[in-house]
Amino acid sequence: MIGLISATAAGAAARDRLAASWPDRTRVYDGPVADAVRRAFAECDQLVCFLATGAVVRLVAPLLSGKAADPGVVCVDEAGRFAVSLLGGHGGGANELAREVGELLGAEPVVTTATDAVGVPGLDTLGFPVEGNVAGVTRALLDGEPVSLHADLAWPLPPLPVTPGGTYAIRLTDRAVEHGEHEVVLRPPSLVVGVGASRGAPVDEVLGLVERVLREAGLSAKSVAELATVDAKAAEPGIIGAAERLGVPVVTYSAAELAAVEVPNPSDAPLAAVGTPSVAEAAALVRGGELLVPKRKSGRSDGQPAMATCAVVRRTARGRLAVVGLGPGARDLLTPRAKEELRRASVLVGLDQYVDQIRDLLRPGTRILESGLGAEEERARTAVAEARRGQAVALIGSGDAGVYAMASPALAEASDDIDVVGVPGVTAALAAGAILGAPLGHDHVSISLSDLHTPWEVIERRVRAAAEADIVVTFYNPRSRGRDWQLPKALAILAEHREPTTPVGVVRNASRPDESSLLTTLAGLDPAVVDMMTVVTVGNTATREIAGRMVTPRGYRWQEDPK
């Protein structure tokens with residue numbers, strides 16, 4: 001919950017805007033400001049104070065208890081110009097909250113946390129348990145000292161400016177190792193513990209078995225991602241209690257799912273009890289991975305039969321491939337989600353000229369794999385291969401990555417062994433349409449005139465279909481030095497079905513500094529003014545030029561021309 005505190009009418013107005021936008025996330029604290037801050041500090045995870053930073057410093061100073069426990073605090077000035085992350089930038093989430101508040105209120109977020117300021121991810125914000133000298137290693141990263149990364153297993157980390165050698169190190173491991181004086185150990189959630197339990201098995205017996213097995217195998221309990229079992233044991237108190245004390249969820253599978261898993265130690269007992277010859281091993285292995293510890297039974301000091309079993313599997317990290325559309329070129333048309341994915345990726349794959357557009361947005365340590373024109377399939381294969389190695393990858397394309405861009409070849413290469421995220425972008429047809437007016441107000445189609453990958457016979461058939469159906473057409477890749485006849489041919493096909501006065505819009509380098517546009521007609525268009533940086537939009541029989549703009553009516557009866 002986010003507590004909101006204000007002292008003046010101007011602050012209250014901004015406070016109420018925030019409360020109205022986030023009704024389920026916020027709570028307004030009225031009354032004397034000091035009391036309001038004190039109550040909110042004790043009751044909320046975060047605070048937004050519409051007060052001077054000095055005042056908030058004095059009010060919260062007596063309330064501070066420690067970095068791990070204090071809420072995040074953001075200050076917004078009376079004029080609503082700045083949202084300052086004051087306290088709990090990482091642990092309390094104040095840095096991200098300042099950005100959210102700034103976006104909502106139109107304020108400039110002010111973040112002074114060193115790692116955020118220079119674009120280095122905080123080692124304590126990666127979502128893993130972290131041990132060791134976080135401050136010292138972070139300082140070394142910020143100072144540009146050599147910091148090495150030792151990864152015992154592949155994991156999709158964000159970019160880190162690491163180099164071989166040096167005194168400081170980051171180690172990624174699920175092994176129960178001790179950290180050195182100048183070392184940070186990251187614990188990825190790589191271990192799955194399959195658990196079986198008799199009815200009424202005590203929590204201490206289940207938990208004791210899990211902890212003993214991990215300890216004997218030299219594995220860290222902090223890397224356990226989940227306890228897995230058969231769904232017939234979903235409500236077993238011993239399993240639920242052990243998971244709660246480990247701080248992990250219980251994941252269950254049907255007996256049929258587990259029975260289909262090949263295991264080294266099947267047994268008749270669970271088959272008779274719950275319908276599968278294995279619970280612990282099968283539940284740990286059902287989603288794949290390496291069996292590190294086969295089935296083990298708990299020991300009973302009273303000589304009674306064991307009531308719990310467990311097995312441990314290390315799952316291979318799933319790599320992550322984000323296919324990112326950069327928009328038509330203008331920085332303000334690059335979406336916030338695209339920026340976030342660019343900063344998250346440790347590997348960037350893209351056409352060299354597109355990489356240059358966003359190079360300044362990348363975090364230090366991002367590995368860039370760039371190539372020239374005509375290497376689309378190679379880039380797609382490279383991006384997928386990097387993701388399969390467990391990396392966090394961003395594959396970039398202009399406009400929308402799914403429109404004549406990199407999404408299609410990448411997804412044709414990818415299988416279900418990696419996570420794929422699509423990030424939409426403003427495609428050229430939309431950017432050009434906004435410049436021309438509203439040419440896409442009704443049904444429309446985009447057709448690429450490049451016959452490098454598609455036979456011209458197929459392209460021509462599509463152009464004729466659009467012409468006969470009276471659909472607005474936007475031509476991508478309309479003309480190049482080596483392909484100068486396709487556009488005139490396509491326009492001639494459209495002219496068989498549309499008047500010579502049909503509006504045609506030509507936009508070159510939409511949204512970029514050298515943007516240019518032309519509104520002409522089907523008969524008046526000179527193909528020589530068109531190149532590969534241009535999109536051409538041809539209206540349908542209803543499209544009109546109105547006040548110098550290209551407009552296609554939506555087609556509803558109430559918009560029909562009474563004439």
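Model, not experiment: these values are computed from the prediction.

Looking at the overall build of the chain
Tallying secondary structure elements over the chain gives 18 helices and 28 strands in all. If you line up the chain on its principal axes, its C-alpha atoms span 95 × 65 × 55 Å. Each of the 563 residues in the chain was classed as buried or not, and the buried ones make up 45%. Sequence separation of 24 or more characterises 65% of the internal contacts of the chain that already satisfy a separation of 6 or more. Separation between the mean location of the 56 positive side-chain charges and that of the 69 negative ones in the chain comes to 1 Å.

Observations regarding the state of the cysteines
Every disulfide links exactly two cysteines, by a covalent bond between their sulfur atoms. Within this structure, the stated rule accounts for zero disulfides. You can see Cys-44 has no disulfide; the closest cysteine sulfur is in Cys-49, sitting 10 Å from it. Here Cys-44 falls in the buried class, since its relative accessible area comes to 7%.

A closer look at the environment of Val-279
Looking at where Val-279 falls in the secondary structure, it is placed in the loop between helix H10 (268–274) and helix H11 (280–285). Considering only alpha carbons, one finds Val-279 and Val-111, 168 residues apart in sequence, at a separation of 49 Å. Once you skip the residues sitting within four places of it in the chain, Val-279 turns out to touch Val-195, Gly-196, Thr-229, Val-230, Leu-258, Pro-270 and Val-274.

What about the pattern of salt bridges?
This structure, assessed with the given rule, holds 29 salt bridges. In this structure, the salt-bridge partner of Arg-464 is Glu-460, at a minimum N-O distance of 3.3 Å. With Arg-464 and Glu-460 both in helix H17 (residues 456–468), this residue pair falls four residues apart, about one helical turn. Accessibility expressed as a relative area gives 27% for Arg-464, which makes it partly exposed. Each of the salt bridges in this network shares a partner with another, and the network as a whole consists of Arg-15, Asp-16 and Asp-30.

Cut-offs used in this document
- Residues numbered from 1 in each chain as written.
- Predicted model: local features only at pLDDT ≥ 70, side-chain atom pairs only at ≥ 80, totals over all residues.
- Heavy atoms only, no water.
- Helix = DSSP H or I, 4+ residues; strand = E, 2+ residues; numbered from the N terminus.
- Buried < 20%, exposed > 50% of the residue type's maximum accessible area, 1.4 Å probe, protein only.
- Contact = heavy atoms within 4.5 Å.
- Lys, Arg positive; Asp, Glu negative; His and termini not counted.
- Charge placed at Lys NZ, Arg CZ, Asp CG, Glu CD.
- Disulfide = S-S within 2.5 Å.
- Salt bridge = Lys/Arg side-chain N within 4 Å of Asp/Glu carboxyl O.

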